[in-house]
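# A look at the structure
The residues making up each chain are set out below.
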Amino acid sequence: MSEKGKQRSFIESNQRLLMLGVSTFGALLIFNAPTLVHASEVSNSEIVSTQTESTDTSSNSVDEKDDSVTKDIPNDSTKSSEEDQKSDNSVTQQNSQSIQATQAQPSASVQPVAEPNQTQTTIGNSVEDTQTYQEIQQTDRKMNQNQVDIDQAYFGLSGDKEIDRQLNNLGSETAATLNDNGYLIKSGLVNNKKTLVVQGKDATGLFYAINNLNNLINKKSDLTNVNISESPQMSIRGVLEGFYGEPWSQQARKDLFKFMGEHKMNVYIYSPKDDDYLRNNWKELYPQDKLDQIKDLVAAAKKNHVSFVYTLSPGNDITYSSQEDFDKTVAKLNQLKEIGVTQFYIALDDIPLGMTSADSEVFKNHATKNYPNNPWSALADAQAYYVNRVQNEYIKKNNLPDLWLVPTNYSGSQQDPFKEAQGEALDKNIRLQWTGEGVFSGDITDDSVEQAKKTYNSDHIFIWDNFPVNDSDQDRLYLNPLKGRSKSLYKIMDGFTSNPMIQPYASWLGIAGYGDYMWNADTYNPLATQDNIIREMAGDDPDALVAMQSFVDLNQYWDYAATEDKVHAPILSTFINAFEESPYGSANYETNKAKLLERLDIIANTPETLKNMKVTGFYNDSLPWINAASHWAKAMISSINILDKINSGQATSAMLSNDFSMMSDQINQANVKAVPDSRTGKPDLVITPSVGDGVFQNFINKSYEAINNWLETVALTTSAQKVSSEASTDIPQNEDYAAANMNDGNLNTKFWSNRSIKKGDSIKVDLKDTQEIQRIDIHQGTDDNATSGDLFQSAVIYTANEADGSDKVAVGQVGPTGNYQLNLNQPVKARYLFIISTSNTDNWLQIRDISVFDKTGLNISNIKGTDNSSSQAIFDGTVQTAFTGQLENSQKTGIIEQRFASVNDKHELYLAGKVSGTVYVNVDGNWKELGRVESKQSLNKMTLPAGSIDGIKLVVDSNTGNFVINEFGLS
């Protein structure tokens, strides 16, 4: 594309973004999100003029390496200044670079020689490490390749005399007054030379500054009058890989470290729950291959100025007082220290609330300040004893940074016995992690933190923030920006670590918010940060950018957010609202419909468009949700067509059938299980991705309602009665969430296990007497829409007449769905039901209700349901639900028959779905053929004969494949 063509494409792209309701923040990016560069001290300064070589096309030049100069650059900081000078001279000779050594003196007397249009770069002696030296060389090369209008540039650390002197020449203070990791980038005229000075408070600050300068060069920014002075408000700015499920890959972690370096984040806590050597087998040393992997991560983190923090989680089976277990701890930490780990962390979260018998002999409950007989003091003391030993006998002995700890009671700020007892016993130098007022905290306030510091008796609290983590909601991606954190928390605490999602690259959107917020909460703007990170990840393709913004918009709702921060696909909702508020047939209606359809078309095309985005890891992570969004958008387009035709008053079955079929097909594809359960580690796709924050469904529901009204659907009423029952289980209960709650008819109560479900765990339902039953309803998980979390992943339902289940017969299978209904094809005689888990899972179990019903009037023969669909959907009065089935014997016809109390005020029979067969009604006691339905027409109406009707029947043609029935009834 020509340059003019590119400019035109850019203008058209931004016009399109504005038309679509997407705000741009490009003007804010020049100086508001800088990368860090720091200057070095020189007694004998180096003036480096690098010759222009090949054009540098990478926007990430910090990570590029010039192998040709590696052997010529200084070694790490163990050398004396004399050795540095020798090494510097060798660089001059071997690389033919113009290097002039001078004594520290006013810059007017420094007369380096440079080629025309070349920047003369001085590297201070304070820059002693190889990596930083290379990065400055690469930046110097980039400045010259881009013909940056700077005559001389200086790089160094705070306290470097030469760099300090150049800052003084520019009338600037040095970086010495900044917080750790801070930096300066200053420029102006010094003795008629355009001078650029880059100085970091420390090596990390210089690294950030170099990144920022490279970004400015990439954007073709004017560097002749730069005035940047930045430093972080929080000292701990991190990510904690602490979710349950399959750990991230080695490459994903390395990519994260690079991302963190670019976003000025400095801490990574290695705490994957599924690292067996960290948690379950913590006493065992890492085998060499796994140790080498961690060593590789430590090096990658260091390269990006990220501190690699290793977590040990011994709480499942430790004896806190055991010398042997302490020795095992020391051996494990030593193994990690030898490969470069210097910061350690003990995790005592999510462990059994008890002690071994040996500990019980040593630690006894006792009085604490506010509790005369503190029931948790023994456990608190046992843990404190162990953690204090690690701090005092290992950490201090080895001159390492103070130990970090997440306690067993890690949330809430109010006083309680455990926190008080542990606070009294714990070494005050240990830093504590805390999740806020809840495990998930919609907001975190100054008052909460101050109260927590008092409750935990610690001045060293920092936040384990469970956002955007999704291990308990694996059907969701949380792409909303970080909100609800006080802007002044940096004054009273040390920092945050974000617990990310199972999807590493999709987590970057949320992590970027932490980077900006922890660096400077006063200037943090959640929406601006979100826009910036979307642009960064989308890259230069304008269509990919629009698609990325459209997709991110569909994943904005977070259950735990403060009420004012809970939003549902806000941009898409704006287009929908404008469309729905326009009177049908008006000019505004047509205009707003066109805009909405264009938006939906963008979403429908995201599976292809986002292939071109810059961060392909995001695309791969999000693909199940991207595909689902595409299907929902296509379904919504058909939904708009349906509403248009019905509102016109001219709709016919033939006119509506194609759109209804298309809508139904796309919804079915959107609801395909496309995500594995990461907590099991199995590749089976068992979770349906949830996308759109409910906005798609809410709109499409209106078209369902319109079709229901057009067909005049009514649920068929049967005479089935609920059977009295009593539930029991061999699964231990959590607190007072007893088994009796499963039969009380109240969906607001529940049985809740206190452990994960194991294969063979069972629930028994006693029906009090042998009787005919035909329907079983099970409400499990947190709500009826749940597809993951605390529910059966796989269980079989049996009926039996013997109390021990010796004669049990399987009648159905429960999957991971919040509202499961089993409709038996014919009544079955039984006294007992058994629900038996067929798999081990990591999740606990919540059962909100189990209801059993007698005969329903349903008779189904030679037909079986597929995909766990329920035949009840055929007669529930709405086309929104559907039964999918197939013939058991394809050579024979199948029958679906429903009897009910007789009616004589109905005039039409309707059938919605894709099925071929013959329809009958029972009139005055006789079955009468009414007509044919064909799968190619999904909406059908037939006129009823006069008389009393008490049954309808569909005889499905033999040799029929899979079929769908949305609704079958009378109007």
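Under an unreviewed UniProt entry, the name given to the protein chain is GH84 domain-containing protein, and the organism recorded is Companilactobacillus crustorum. Taken from UniProt, the Sequence similarities (unreviewed entry) comment for the protein chain reads in full: "Belongs to the glycosyl hydrolase 84 family."

## Here we look at the UniProt feature "active site" (unreviewed entry) in the protein chain
The residues that UniProt annotates with the feature "active site" (unreviewed entry) are Asp350. Mapping Asp350 onto the fold places it in the loop between β10 (343-347) and α11 (357-362). Of the residues examined, Asp350 reaches a relative accessible area of 35% and is grouped as partly exposed. Those residues in contact with Asp350 that lie beyond four places of it in its chain are Tyr244, Lys273, Arg279, Asn316 and Tyr410. A polar contact is formed between the side chain of Asp350 and the side chain of Tyr244, at a distance of 2.6 Å.

## Some remarks on the environment of Thr368
The residue Thr368 is located in strand β11 (residues 366-368) in this model. Once the C-alpha coordinates of Thr368 and Phe418 are considered, the two residues, 50 residues apart in sequence, prove to be 9.8 Å apart.

## Some remarks on the pattern of salt bridges
Under the definition given, this model contains 32 salt bridges. Across the pair Glu162 and Arg165 runs a salt bridge, and its minimum N-O distance is 2.4 Å. Here Glu162 and its partner Arg165 are both found in helix α6 (residues 161-169), three residues apart, which amounts to about one turn of the helix. Here Glu162 matches Arg165 in class, with each residue buried. Within the structure, one salt-bridge network assembled from shared partners comprises Glu590, Lys593 and Asp644.

## What to know about helix α22 (residues 653-670)
For α22, which comprises 18 residues, the first-to-last C-alpha distance of 25 Å matches the rise-based estimate of 26 Å (1.5 Å per residue) to within 8%. For α22, the full list of buried residues reads Ser653, Leu656, Ser657, Asp659, Phe660, Ser661, Met663, Ser664, Gln666, Ile667 and Ala670. Buried positions along α22 lie against α21 (616-647), α23 (695-711), β31 (908-914), β34 (939-943) and β36 (963-970).

Conventions and cut-offs
Residues numbered from 1 in each chain as written. Predicted model: local features only at pLDDT ≥ 70, side-chain atom pairs only at ≥ 80, totals over all residues. Heavy atoms only, no water. UniProt positions renumbered as here; feature names shortened; annotations may be inferred. Helix = DSSP H or I, 4+ residues; strand = E, 2+ residues; numbered from the N terminus. Buried < 20%, exposed > 50% of the residue type's maximum accessible area, 1.4 Å probe, protein only. Contact = heavy atoms within 4.5 Å. Polar contact = N/O pair within 3.5 Å; in protein donor to acceptor, adjacent residues only side chain to side chain. Salt bridge = Lys/Arg side-chain N within 4 Å of Asp/Glu carboxyl O. Expected span 1.5 Å × (residues − 1).

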